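Here is how the chains run, residue by residue.
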There are 2 protein chains.
Amino acid sequence: MKIPVVKEILSANERVAAENRITFDASGVFVLNLMASPGAGKTSLILSTIDRLPEEVRPGVIEGDLASTIDADTIAARGIPVVQINTGGNCHLDAPMIRTALPDLPMDEMNLLFIENVGNLVCTANFALGADLAVVVASAPEGHDKPYKYPAMFASADAVVLNKADLLDVFEFDVDYFRRGLEMLNPGVPFFVVSCRTGDGVGDWVAWLLDRVDG
Amino acid sequence: MKIPVVKEILSANERVAAENRITFDASGVFVLNLMASPGAGKTSLILSTIDRLPEEVRPGVIEGDLASTIDADTIAARGIPVVQINTGGNCHLDAPMIRTALPDLPMDEMNLLFIENVGNLVCTANFALGADLAVVVASAPEGHDKPYKYPAMFASADAVVLNKADLLDVFEFDVDYFRRGLEMLNPGVPFFVVSCRTGDGVGDWVAWLLDRVDG
């Protein structure tokens, strides 16, 4: 009895994700789904990236959280179009939630949409949203063993950004060990080591992203 | 159709959790369910706690991970009885997984069992395991807004441990703001600020825990 029900839910999500993708393509909006553990720095990466965008790239943001508008308030304070989705306890965003949020965004005035998913290194990977890229944000304090412990998330990423790199030494973080785990799961996946606080490495990430947006 | 299926799963879990609790009580084993984001320091807290236990308290550990035996290997290297549960992608431990692991632990020789749940600040809170205490481990790098963003986890905790406190200043972590959020959700919940690296605060946590074990 159980498996057919789960399949039904997943396929409904896939269907709406495909509809979202059609909407995004028709609007000329390139979309990132940012996934990470709680507190890895998704909002910081979004803001650091936006700071480095050329004028012709006009961003918008969807913030996903169980509760609160903390991150959306931070984004709005910078004058960036933003919609907060409160999942009401749900552990991930899904495609219908994104669909519901779209009318509240000025899609005609945007060409790059950041979707910040709920902080969850497991469940978020299972629900397509219709994004062009799935980006996983890891961070130095979480430790270098994360690809080995949470393989599905890293295996399905289109890019991985390792944040808080200014603290690699403090956390005795072995970047080679992390990278070997990542390569085993997802050979050749683009990998960026950044610090949103110092700005180190963010330029390389943004250059790669802009290539994708243009492509 | 969907809701009855979900209820059936939940009640099956509750039933097995109650059976686990009977087994734990009959064996005289006090049980902690440690929940946290990935990389908050659950394993470090377990090891730091075990280091401070009096001789008559004999610990054991169940490690829950999607994949790998990294944490179990660390525990086993210290000569502590440990069982690794690999959830195979599942985002949380559940009561039947614990039940399956128990025959591999020397329950007669133990009186304190640490269950390290999967790193997930959302889903783990929804599945009772039969533990005496639900302990949430937060950490300074995750930021002081976590109780506001992940309220269910903090609302249902029997104790909250804030780890990596040696780095509070580095992360501009406002402990009062964190604590206000926690108090709003869970008035009077025991709250410990610790650094497993320096050992600061760990003694207070262990003293409180031992009071509970004896009580």
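Residues numbered from 1 in each chain as written. Chains lettered and ligands numbered in written order. Predicted model: local features only at pLDDT ≥ 70, side-chain atom pairs only at ≥ 80, totals over all residues.

A word on the overall build of chain A. Broken down by element type, chain A carries eight helices and seven strands. A globule of 215 residues ought to have a C-alpha radius of gyration of about 17 Å, and chain A, at 17 Å, matches this closely. If one aligns the C-alpha atoms of chain A with their principal axes, the spans along those axes are about 50 × 45 × 35 Å. The 215 residues of chain A split such that 51% are buried. A fraction of 74% describes how many contacts in chain A between residues 6 or more apart in sequence connect residues 24 or more apart. (Helix = DSSP H or I, 4+ residues; strand = E, 2+ residues; numbered from the N terminus. Rg over C-alpha atoms; globule rule 2.2 N^0.38 Å. Buried ≥ 20, exposed ≤ 12 C-beta atoms within 10 Å, placed from the backbone. Contact = placed C-beta atoms within 7 Å.)

Regular strands have side chains that alternate between both faces of the sheet. All names here are of chain B. Here strand β1 (residues 30-36) lies mainly inside the structure; seven of its seven residues are buried. Residues F30, L32, L34 and A36 point to one face of β1 and V31, N33 and M35 to the other, with burial holding for every one of them. As defined by bridge partners, β1 adjoins strand β4 (residues 112-116) across five bridges and the pair is classed as parallel. For L32, the partnering residue across the bridge sits in β4 and is F114. Pairing geometry for β1 and strand β5 (residues 133-139), over five bridges, is parallel. The residue bridging A36 from the neighbouring strand is V137, located in β5. (Pairing = 2+ DSSP bridges.)

Let's shift gears to the environment of D211 of chain A. Relative to the assigned elements, D211 of chain A resides in helix α8 (residues 202-214). Through-space distance from the C-alpha of D211 of chain A to that of A40 of chain A is 25 Å; in sequence the pair is 171 residues apart.

Turning to helix α7 (residues 175-185) of chain B, a few remarks are in order. Of all the positions in α7 of chain B, only F178, G181 and L182 of chain B are classed as buried. One face of α7 of chain B carries all of its buried residues, which in axial projection span an arc of 100°. (Arc of directions from axis to C-beta.)

Residues and elements named next belong to chain B. Read from one edge of the open sheet, seven strands run β3-β2-β4-β1-β5-β6-β7, paired in parallel fashion. Only two strands of the sheet have a single neighbouring strand rather than two, namely β3 (82-86) and β7 (191-193). Between one strand axis and the next, the sheet turns through 20° on average, direction left out of account. Pairing analysis gives three bridges linking strand β6 (residues 159-163) to β7, with the strands arranged parallel. For V161, the partnering residue across the bridge sits in β7 and is F192. Here helix α8 (residues 202-214) sits on the sheet and contacts β1, β4, β5, β6 and β7; the angle it forms with β7, its principal contact strand, is near 150°. (Axes fitted to C-alpha atoms, helices over the stretch in contact; angles between N-to-C directions.)

Right, let's talk about the interface of chain A and chain B for a bit. Taken together, the contact pairs 31 residues of chain A with 31 residues of chain B. If one sorts the elements of the side of chain A that touches chain B by residue count, helix α5 (residues 146-149) of chain A sits on top with three residues. Of the residues that constitute the side of chain A that touches chain B, the class distribution is 16 nonpolar, eight polar and seven charged. (Nonpolar A, V, L, I, M, F, W, Y, C, P; charged D, E, K, R; others polar.)

A word on the relation of the copies chain A and chain B. When chain A is fitted to chain B, the best match, at an RMSD of 0.0 Å, comes from turning it 180° and sliding it 0.0 Å along the axis. What we have between these two chains is a two-fold relation. Of the residues that chain A buries at the interface, 100% are likewise interface residues in chain B, meaning the two copies contact each other through the same surface. (Least-squares fit on C-alpha atoms with pLDDT ≥ 70 in both.)

In this section: the environment of I85 of chain A. Its place among the elements puts I85 of chain A in strand β3 (residues 82-86). Considered as a pair, I85 of chain A and V137 of chain A are 52 residues apart in the sequence and their alpha carbons are 20 Å apart.

Right, let's talk about the pairing of β3 of chain B for a bit. All names here are of chain B. With respect to burial, β3 is a largely interior element, four of its five residues being buried. For strand β2 (residues 59-65) and β3, the ladder comprises five bridges, and the chain directions are parallel. Its bridge partner being in β3, I62 is matched across the sheet by V83. Handedness of the β-α-β unit built from β2, helix α3 (residues 70-76) and β3 comes out right-handed. (Right-handed = clockwise from strand over helix to strand, strands pointing away.)

This next bit is on unusual backbone geometry. Phi is positive for K164 of chain A, close to 60°, though the residue is something other than glycine. With respect to the helices and strands, K164 of chain A occurs in the loop between β6 (159-163) and α7 (175-185). Of note in this structure, S68 of chain B is not a glycine but carries a positive phi near 80°. Considering the arrangement of structural elements, one finds S68 of chain B in the loop between β2 and α3. Under the C-beta neighbour-count criterion, S68 of chain B is labelled partly exposed, with 18 such atoms within 10 Å.

The subject of this paragraph is the nonpolar core. Ranked by size, the top nonpolar core spans 132 residues in total, and within it I115 of chain A together with I115 of chain B carry the most contacts. Those residues in contact with I115 of chain A that lie beyond four places of it in its chain are V31, L32, N33, L34, I62, G64, L93, I98, L129 and A131 of chain A. (Core = buried A, V, L, I, M, F, W, Y, C linked by C-beta atoms within 7 Å.)

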